[in-house]
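# Commentary on secondary and tertiary structure
Next come the chains, spelled out residue by residue.
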2 protein chains.
Amino acid sequence: MALKRVYRFWEQADPLKKKLAAQNRDLKDLLGGKGSGLMLMTNAGIPVPPGFTITTDTCNEYYAAGKQFPEGLEEEIKEAVADLESRVGKTFGDPDNPLLVSVRSGSKFSMPGMMDTVLNLGMNDEVAKGMIRLTGNPRFVWDAYRRFVMMFGDVVMGVDRSKFEACLAQVKEEEGVTADLDVSAEGMKRVVELEKEVYERELGEAFPAAAQEQLMASVRAVFDSWNNPRAITYRNINKIPHNLGTAVNVQMMVFGNMGNDSGTGVAFTRSPSNGEKKLFGEFLPNAQGEDVVAGIRTPYSIDEMSTFDGGAQDEAEKAAMREVWSRVAEEFKVVAERLERYFEDVQDIEFTVERGKLWILQTRNGKRTGVAAVRIAVDMVDEGIVTPDRALLQVEAETLPHLLVPQFDPAAVEAARNNPEVLVAIGTGASPGAAAGRVVFSAEDAIEWTNRGERVILVRHETSPDDIGGMERAQGFLTVFGGATSHAAVVGRQLGKPAVVGCGALRLDEEAKQFTVDSKVVKEGDYISISGSTGEVFLGDLPTAPSEIVRVWYGQMKPEESMMYGYYSRFMEWVDARRKLGVRANADRPDTANDALIRGAEGVGLCRTEHMFFGEDRIRTFQCMIVAESAEERAKWAEELLPHQRNDFEGILRVMDGLPVIIRLLDPPLHEFLPREDADVAEVARMTGRTPDDIRALSRQLHEMNPMLGHRGCRLGVTFPEIYRMQAKAIFQAACALKKAGKNPKPEVMIPLVGIPEELEYTKRDVIEVAEEVIKETGVEVEYMVGTMIEVPRACVVAGDIARSAEFFSFGTNDLTQTVFAFSRDDAEGKFLPTYISKGVLQVDPFIVLDRRGVGRLMEIAIKEGREANPNLEVGICGQHGGDPQSIEFCHLVGLDYVSCDPPLVPVARLAAAQAQINHPRD
Amino acid sequence: MALKRVYRFWEQADPLKKKLAAQNRDLKDLLGGKGSGLMLMTNAGIPVPPGFTITTDTCNEYYAAGKQFPEGLEEEIKEAVADLESRVGKTFGDPDNPLLVSVRSGSKFSMPGMMDTVLNLGMNDEVAKGMIRLTGNPRFVWDAYRRFVMMFGDVVMGVDRSKFEACLAQVKEEEGVTADLDVSAEGMKRVVELEKEVYERELGEAFPAAAQEQLMASVRAVFDSWNNPRAITYRNINKIPHNLGTAVNVQMMVFGNMGNDSGTGVAFTRSPSNGEKKLFGEFLPNAQGEDVVAGIRTPYSIDEMSTFDGGAQDEAEKAAMREVWSRVAEEFKVVAERLERYFEDVQDIEFTVERGKLWILQTRNGKRTGVAAVRIAVDMVDEGIVTPDRALLQVEAETLPHLLVPQFDPAAVEAARNNPEVLVAIGTGASPGAAAGRVVFSAEDAIEWTNRGERVILVRHETSPDDIGGMERAQGFLTVFGGATSHAAVVGRQLGKPAVVGCGALRLDEEAKQFTVDSKVVKEGDYISISGSTGEVFLGDLPTAPSEIVRVWYGQMKPEESMMYGYYSRFMEWVDARRKLGVRANADRPDTANDALIRGAEGVGLCRTEHMFFGEDRIRTFQCMIVAESAEERAKWAEELLPHQRNDFEGILRVMDGLPVIIRLLDPPLHEFLPREDADVAEVARMTGRTPDDIRALSRQLHEMNPMLGHRGCRLGVTFPEIYRMQAKAIFQAACALKKAGKNPKPEVMIPLVGIPEELEYTKRDVIEVAEEVIKETGVEVEYMVGTMIEVPRACVVAGDIARSAEFFSFGTNDLTQTVFAFSRDDAEGKFLPTYISKGVLQVDPFIVLDRRGVGRLMEIAIKEGREANPNLEVGICGQHGGDPQSIEFCHLVGLDYVSCDPPLVPVARLAAAQAQINHPRD
C-alpha cells in the first residue's frame, strides 16, 4: 500500500489508532493536535465542518527532500478535495455552490509562532459574484474576499501586511469614513481590486484565481512555517523536538448569513452562574459570528430557537422555517450533550447554521462560578458523564470560597451593575464575598459606629496592623492602594471578609472623611456595597445573604433544606478521599480556629503568638518587659503575662481538641511593640520607674536598619530566654490543665527564624526544660513536639543538622521568598515588582505563587536532607503559599505532609491537594 | 613474641614505624599523638624527661575484657618503671632520691573531654620529707603534695573536687589569709592532712601511699576517661571513630628548685619582634615554673646563663656553678637548634634544669610579629632548615600588612606602654599601623585642621559614610563602638590607615568636643597616638616611621639599603610562584588602585561606582536625576553626570592598564543619596523646578522598610534604565579614549544583585547596546565582558541559567551572608551577634570568616552549575572575605579564579592563596 498522506475527518479513527499504537505513536503524532481532535469529534458524531488533514510525516518528507512536495501529494490532496466536494455538495470555484475552505497548521503540541489561519480559500471574482447572489449581501462577500487576498498575500506569500492594510485605509479616506464598518460594499470591492494590484506589483504575478493553486501554496506555507525562527525558538525554550513536523488542516468554511434558514450563536451547555442543567445562550438568524460580537442586532435566546419562524410573513414559509429551526434546536441539544461527554466538561459552544444545517465551529470548557462548578461536577458524576476524579479537576480550587461567603441578591446586583450611577468603581477583588455598610475612614470610627449597632465598610489608603481592631468590626475593606497581597487583602482572607484593594479611581481625603470618584462625593456614613469577588464598588446598601452552606454549619438551616449544601458535602467527600496532603489552618484565636475546623482543617499549622500581646489588657505589661534592664526584671514582667498567654493557648487547644496545634514562639522584633504616643510612653515609664526619655532612648536603640533581617525570631529566644520560657510555660500549663479536664491537647512548639542548628538546640533546651517542669508539677503527661520554621536560606542547606534536633519543619515561605530573592515584600510590591512583571522579568508575584526554581529548589534540599537525618520528621508549610493551588501542587510533588493556610482557604487547599494527587499520584 | 603493651620513649622509633606501616598504621595510631611525639623527640636527642607509653591497643583490650586489665600488663608496667628508675637514677618511694611522675591520656587526635593530667604521682609522707631535705623548701613540697592528693582524689577516684578545695579554704580562714600564696608551709601540710581525711571519708579507704598502686589506679582512670560522656560527644561531633582507644603517658617529673644548680626558664629560638637569629628569653635559678609566672623574683636574661655563678659566695663554688651553667647554656643552644629543625619552625621553649641536667618541658611554635615571621622564614630557608613551602606556612598571612604600615618608634612605644598615665585605653585594633595627631571630633573639623597643616586623629562614637571626607584626611580613627567590621574598621583597612574601634573606656562628648577616660580629659587639639595593630591608645605624640618597604616602593629609599625589603621581596616571590588563585583589589579611585598595584594586585575585582556620586561637583546633579519625573528628564540629568563618570573610569583604567577592571554599576537604593538639609533640598528644588515639599515627599516615598532588600542593584537598572546606560556609556567612552591613546583598557561591567536570570538579560542588553554604539562611534575595538555579582541566595540555585548570559560571576559574600543567614549586618553586629558568639551559637562572625556550611555550600552549587552551563565562566569573590585567609582557603578549595580584597590586604590574600595551595594542591 502506498504511503497515505491525507486523512479525511470522517475516516474511522480506531483502526488508525491501532496501527499507530503498534509504532508507539498516537493520533496526535500523525495528525497533530488539531487534526486528531477534528477526526475524533467527527467520529463521535459532532457536526464539525468536514475537511481533511495532511500528516506531519508529509511535512518531514518535504524537508527531507529539500523542501519539495513528495511525489503524489498533490494528487492525493486533489482526491481529498473531490471527496470533500461530494460529501458537502459544494465545489471549488463553482459560483452557484462554491466550496470555500480554511487552512491551518497543527503540530502535536500547540505552538505559537507557526502559521496562522488562512480563511475563505477558494474565493475569486466568479465565486464572489455567486455568493452575492446566494447571500444578497455584497458587502459581506467583498469584505470576505479582501480579507482572503490579504491573508493569502501576507501569510502565504510573505508580502508585508501593511501594504494591504493601506488599501483599506485609502478607500476609507476616499469615502470619508473612519470605521471599517462604515465602508460601503462598493468600497470593499475596490479594496479587493487595490489589493490584487499590490499583490501583482509585489510578486510579479497575478493573484491566483484557481482554488487548487491557492491551496497548494498554502500547504507549502504551513510546512515552511514549521521552521521559521519564532517556531524554532519556541521549541528550544519548551524543549519540543524539532523533528515532529506539522500537519495541515483543510476545512470547509460555513456561513450563517445565507438566509433565514441560516444563523449563528453561542451557548453554554449548563448555567455558568448556578450550574443548572439547561442550555444557556443566544442566536442570531442570517448572520455571521462577527455580527453577534458587533452587537448591532439583538439576538434571540437559545430557548426561542425551536419555535423560531425566520421572521417570515408568509405562513407556509413560517411553518417551513419553524420546522427547520425546531430540527436544528433538537440536533443542537443532542450535540451539546455529546460534546459534554466527549470533553467531559461543560461546554461553551460557537455554532453556525448554514441553510438549515448545524455546524459546530468551536467549543471549549465553559467558565463558571464556584457554585455552578460544584453543582455541575456532582451532576456530571451522577449522570455518568465523568468520574469523580474528573469532576474534581473541573472545579477551579480558588472558586470554592465563593460558596461560603455572603453574596449580593442576584437581581439587585444585576441592576446595580447596569447602572453607571451605582457601579462607581472597580478595584482588585482580593478577598471574596459581598458586603454593604456605612463608610468609615478610620479604625476608631469603625469601632465607634459599630458600637452604635451600624454595619460599616472601612475605607483607607491602605490598612496597617494598627487598624486590626477596626477591621475586625467592619463588614469589609476598600483601599486605594495595594494588591492581592496587601495588608487589607491578607487580613480579609484571614477573617473571611470581602476586600477590594488597589481601587485607584478613588480620591480619598481621610481627614475630611470623604472620598470622590469621578464627580460623586461619598461622605462618612453614606452606604456603599463592595464585592470582594469582582472588585466592584456600588453606591447604596445592596442586600446580601449568607452562604447556605455556612448557615447549615452554624445550625441556622437544615442540611436537607439546602441543595448547595448537599452538592458541596458530596464534592468535598470525594476531595478528602483523594488527597494525600494534610490541610491545617493558620489561626491565632479560638473563633478563627473554629472557622477553620468547620471548613475541614485537620489542625493548626501556625498559631502566631505576637497578635496576642496587642490586647489592651496586656500590651502595657509586654512593653514593660521589653524595656526591662535585667533578666530578672524581664522575667518578672513575663510572669505577669503568663496567665494571659495561658488563656490564649487553652482556648485554641480546646477548639482543636485531639488535633495538632503548632504554636510559634514570639517572632517580630521587639521595637514593633513599643509605645509611640506620649501618654503610652509616660505610662510605661511610670510602671517601670523610668523617665519617658529613657523609654524613648530605648526605642531609638532598638530601631533597626532592616528589621526583617534583624533582632527577631529565635534571636530573641537566645538573647532574652525569659520570653520563650514564659511562652512555653503558658503552653504547657494550658495543655496540662486541659488534659486534666479529660481533653486531648496536642501542642507543637515552633521556633521561628532558625538558620543555625545551635539556635534550635539552644532554645529547644529551654522549652523542654520548662515543659518537663510543668508536666512534673501538674502530674499529667502531655504529648508534644518541638520543631522549627524553615524560612531562612541557610536553614535549607543545613537542614540535615537542624533535623537532628527538630521533630518537625514548617516552611515559612513568606520570609523564605523574601530572603531567597532578597526582596523586602513591603518595599518590592510597592516599588519594583509591578515593573518586573510588566517587563517580563518575572511572570508572577513570587509572594503569591511559590517560586519553584529558587525557593522550591531550596525547599527540596531541606526536605531531602532533613528526612535523611530524621526519617520521622514531619514537614509542612505555613506561608501564604499554603493557600495557593499552584503552590499546593508543588507541596504535593515534593512530598510535604501538610499545608497550612488561612481558614477561608482551607477548602481551596483541600481541593488543590486532591487535584495534585489526581494529576501526579504519589504514595 | 608476646604482645608488647608498653614502649619506653628511648626505644628506637624507626623499626616500630616500619612494623606499623606494614599494618597500615603509624606511630600515632599505637602511641597516640603525645606518646609518639615524646618518642620521636627523645630519638632526636631532645632531652625530654624520660618515661613510657602504654599503647592504645591496650585500652581496647581493657574494654574488650569488660574493663579488666589484660594479663601481664601490670608486670610490664613494673618493668618499664624499673627501667625508668635505673635510667634516671631515681626510685619510686625513695625519700633520698624519689621518682615522681606525671600521668596523661593521649589518643591519636587531641581530644578535650578526656582525662587531664595527674602530676607528682609517687608522692607520700616519706617522699615529702625527703624532698624537703633536698629542696629546703617545705612549702613547695607540701603544696605539691596537696595538689597531688586533690588531683588523684578528683581525677582518678572521682571525688568531688570542691570537697578538696574546701580544705585549703578552711586553712586560709584559720591563718586569716585570702591568697593561696600567703598560706604557710605548715598550713599546706595541714591541707594535705585534711585532704587525706576527706579522701578516706569519701572513699572508705586510706589515701594510697604506694606509688605503684597510685600508678595503676591512674592508668585505669585514663582508660575509663576514653568513654566518658564528654569524650563520646566530642567524638560524635568531630566524627572521630570510637574504637581508636587512648594511650597512657607516664613521664618523670623534674624540679628546678633543687638548689642553685637547678632552675627554670623560657626562651625563643629567635627574636619574636624582628626575627634576629639569637636566643631570647630568661631563666630563674632554683625555681619552679610557677615562680617565673608569679613574678616575685626578677629573672636573668638567657644570655647570662653561660656565665651564671649560682650567686655563690665561695669562689670554688662559683667556678663549679659557672661550669655547670656554661655547660647547660651550651647544651640548651644545641637543643634549641635541634628543636627548630625537628619542628621546622621557631620555638618557644620551657625548660627546667635539675641539678645541672637540662630538661625540655614544653616547646611550641613561637608567636612573632609579621616582620619577624618573614625574616625567620627566609633565613630558615637559607639555613636549609625548611623548604620554601614550609617557610610560607610559617607566616600568618594576617601579619603581612604589619610590614607595610607605619610603626611607632620601638623605644618610645615601649616606654609609653609601661606608663599607665600615657597608655590610657585599649580598644580593638581593627586596621594595623601607628598614627599620632591632634584629636578632632567631626569630619568637618578633620578637614579644617588638616587644611591648617595639622595631623589629626578622628575620634567618634562610630563613623558613617558621611565622615568619608574627614577620614581621608585623618591619620587614623578611634571609635567608642563597633567591631572588626564596623565602618571605621573597614574604611581603615581600605585606606590602609590605623583604626582602633570599640574602645568602650572612652566617655565621649562630641558636642563638648572632648572625651574622658578614667579621670583624664582629652580635648580637641590634644595629641594622642593610636596603634591599630594592638588597639592601644596613648596620650601624646609618639614618633612614627613609615615602613621601609613602602619607602622603597615610592623611591624614598634604595632597595639595597633595606634588609626588610630584601626579605619581603624574596618571600613574596615564593608566594606568587606557589599560588593558583589570582588576587585583585577592590578600588574605586586611581590612588587606591595604585596602592593595590604596588602591593601585587592583578586587576580590580570591584570598582564601586556609588562613592563617585558623592563628589561635591556632582552630588546635586545626581539628586536631580533621582527626583526626575520622567525617563527623559532622568536621561537629561544622567547626561550631565556622564563626563564626571568618564573621568572616574578613565583614571582607574589608566592605572590598571592591561589588567582587568570590574566596574559594578550603581548598587545602593536611591534614597541614600537624597538631600537631607533644608538648604540642599531647596537647591535641588530650584534646579528641578519643584517645591521643597515635592522633594521631601519624594524622599518619604522612596523610604524603605528594609533597604537592604529593597529597590537597589539591578532593580534600578530594570526600572530606571537611563542610569545604567549612562554608566555604561561613561565606561566605554573612557576605555575607547584610552585605547586610542595606545593603552590597553580591560573593563568588565558587573550587574549587582541579580537573582533572576532575566534581570541580567535585561540590563546586559542595555550595556551591550551602549558599548557597541560607543565602539562604533569612536571606531576603536575594546575587549570587555559583562557579568554579575552573585550575592542573593536565589542566584546560587539558578546559577546555571544566569551563567548562560554572564561572562563572569563575582561572589558578593557580604550581601550573600546577610541574605543566607537573614542577618542585617548593621543590626546583627550591634545587637545579637556578640551574644551568639559568647553563647557558642556561632563560633565566629560570619561577616569576617566565610560560613562554609551555609554560604559556602550555596557558592559551591553556583560554581558547579555556572561552569557546567558556561565552561568559560570566570569566577571570583569581591566580598570582605576576599581578604580573610580562612575564607581564601575556601575560595581556593572550591576552584575560584581569583579573590579581590582591599588594597592593604592584597599581600595577605597572596600569601593565604599560596598556603592554601601548599596544604590543598589543586591544578
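This text goes with the structure placed above it.
A brief structural summary. (Residues numbered from 1 in each chain as written. Chains lettered and ligands numbered in written order. Predicted model: local features only at pLDDT ≥ 70, side-chain atom pairs only at ≥ 80, totals over all residues. Heavy atoms only, no water.)

Pairing is antiparallel in the open sheet, where 5 strands are placed in the order S8-S7-S6-S9-S10 (chain A). Strands with a single pairing partner mark the edges of an open sheet, and in this sheet they are strand S8 (300–301) and strand S10 (357–365) of chain A. (Pairing = 2+ DSSP bridges. Helix = DSSP H or I, 4+ residues; strand = E, 2+ residues; numbered from the N terminus.)

Two copies of the chain are present, and they differ by a rotation about an axis and a shift along that axis. With an axial shift of 0.4 Å and an RMSD of 0.5 Å, the rotation relating chain B to chain A amounts to 179°. In symmetry terms, the pair is related by a two-fold rotation axis. If distances are taken from each C-alpha of chain B to the rotation axis, the shortest is found for Asn706(B), at 1.8 Å. A shared interface surface links the copies, since 100% of the contact residues of chain B are contact residues in chain A too. (Least-squares fit on C-alpha atoms with pLDDT ≥ 70 in both. Contact = heavy atoms within 4.5 Å.)

Residues and elements named next belong to chain B. If you walk across this open sheet you meet the 5 strands as S8-S7-S6-S9-S10, and the pairing is antiparallel. A strand with exactly one partner marks an edge of an open sheet, and here the two such strands are strand S8 (300–301) and strand S10 (357–365). In terms of strand pairing, strand S6 (residues 263–268) meets strand S7 (residues 280–285) through 6 bridges, oriented antiparallel. Its bridge partner lying in S7, Ala267 is registered against Gly281. Across the sheet, helix H12 (residues 315–343) is in contact with S6, S7, strand S9 (347–354) and S10; its angle to S10 comes to roughly 30°. (Axes fitted to C-alpha atoms, helices over the stretch in contact; angles between N-to-C directions.)

All right, on to the environment of Asn594(A) then. All names here are of chain A. With respect to the helices and strands, the residue Asn594 is situated in helix H21 (residues 590–598). Distance in space between the C-alpha atoms of Asn594 and Arg690 is 43 Å, their sequence separation being 96 residues. Excluding anything up to four places from it in sequence, Asn594 contacts Tyr554 and Val655.

A word on a negative patch on the surface. Side chains of Glu175(A), Glu186(A), Glu193(A), Glu197(A), Glu200(A), Glu205(A) and Glu213(A) sit close together on the surface and give a patch of like negative charge. Tallying contributions element by element places helix H8 (residues 185–203) of chain A first for the negative patch, with 4 residues. (Patch = residues over 30% accessible without salt bridge, like charges linked within 9 Å, V, L, I, M, F, W, Y side chains within 5 Å. Areas by Shrake-Rupley, 256 points an atom, 1.4 Å probe, with all protein chains shown as cover. Salt bridge = Lys/Arg side-chain N within 4 Å of Asp/Glu carboxyl O. Lys, Arg positive; Asp, Glu negative; His and termini not counted. Charge placed at Lys NZ, Arg CZ, Asp CG, Glu CD.)

The next thing to look at is the packing of aromatic side chains. Residues and elements named next belong to chain A. Applying the stated rule across the entire model yields 60 aromatic pairs over all chains. An aromatic cluster of three or more residues is present, and its members are Tyr62, Tyr63, Phe69 and Phe223. The ring of Trp637 has Lys636 sitting right over it, with the charged end atom 4.3 Å from the ring centre. (Phe/Tyr/Trp six-rings, centres within 6.5 Å; stacked < 30°, edge-to-face > 60°. Lys NZ or Arg CZ within 6 Å of the ring centre and 35° of its normal.)

Moving on, we come to the pattern of salt bridges. The final tally for this structure, using the stated rule, is 136 salt bridges over all chains. The partner of Arg270(A) in a salt bridge is Glu340(A), and the shortest N-O contact between them spans 2.8 Å. Of the two residues, Arg270(A) is situated in the loop between strand S6 (263–268) and strand S7 (280–285) and Glu340(A) in helix H12 (residues 315–343); the sequence distance between them amounts to 70 residues. Note that Arg852(B) and Glu889(B) form a salt bridge whose closest N and O atoms lie 2.9 Å from each other. Highlighted residues: Arg852(B) in helix H34 (residues 852–869) and Glu889(B) in helix H35 (residues 885–893), separated in sequence by 37 residues. For Arg852(B), a relative accessible area of 31% puts it in the partly exposed group. Here the salt bridges share partners, and the residues they tie into one network are Glu610(A), Arg664(A), Asp667(A), Arg712(A) and Asp815(A). (Buried < 20%, exposed > 50% of the residue type's maximum accessible area, 1.4 Å probe, protein only.)

For the rest of this paragraph, the subject is the packing of helix H4 (residues 73–88) of chain A against helix H9 (residues 211–225) of chain A. Residue and element names in this part refer to chain A. Contact geometry of H4 with H9 gives a least axis separation of 11 Å together with a crossing angle of 120°. Comparing the axis directions of H4 and H9 gives the class oblique. H4 and H9 meet at a crossing whose hand is right-handed. Contacts between H4 and H9 pair Leu73, Glu74, Ile77, Lys78 and Val81 from the former with Gln212, Leu215, Met216, Val219 and Phe223 from the latter. Here the residues of the contact of H4 with H9 sort into 7 nonpolar, 1 polar and 2 charged. (Parallel < 35°, antiparallel > 145°, perpendicular 65-115°, else oblique. Left-handed = near helix turned anticlockwise from the far one by under 90°. Nonpolar A, V, L, I, M, F, W, Y, C, P; charged D, E, K, R; others polar.)

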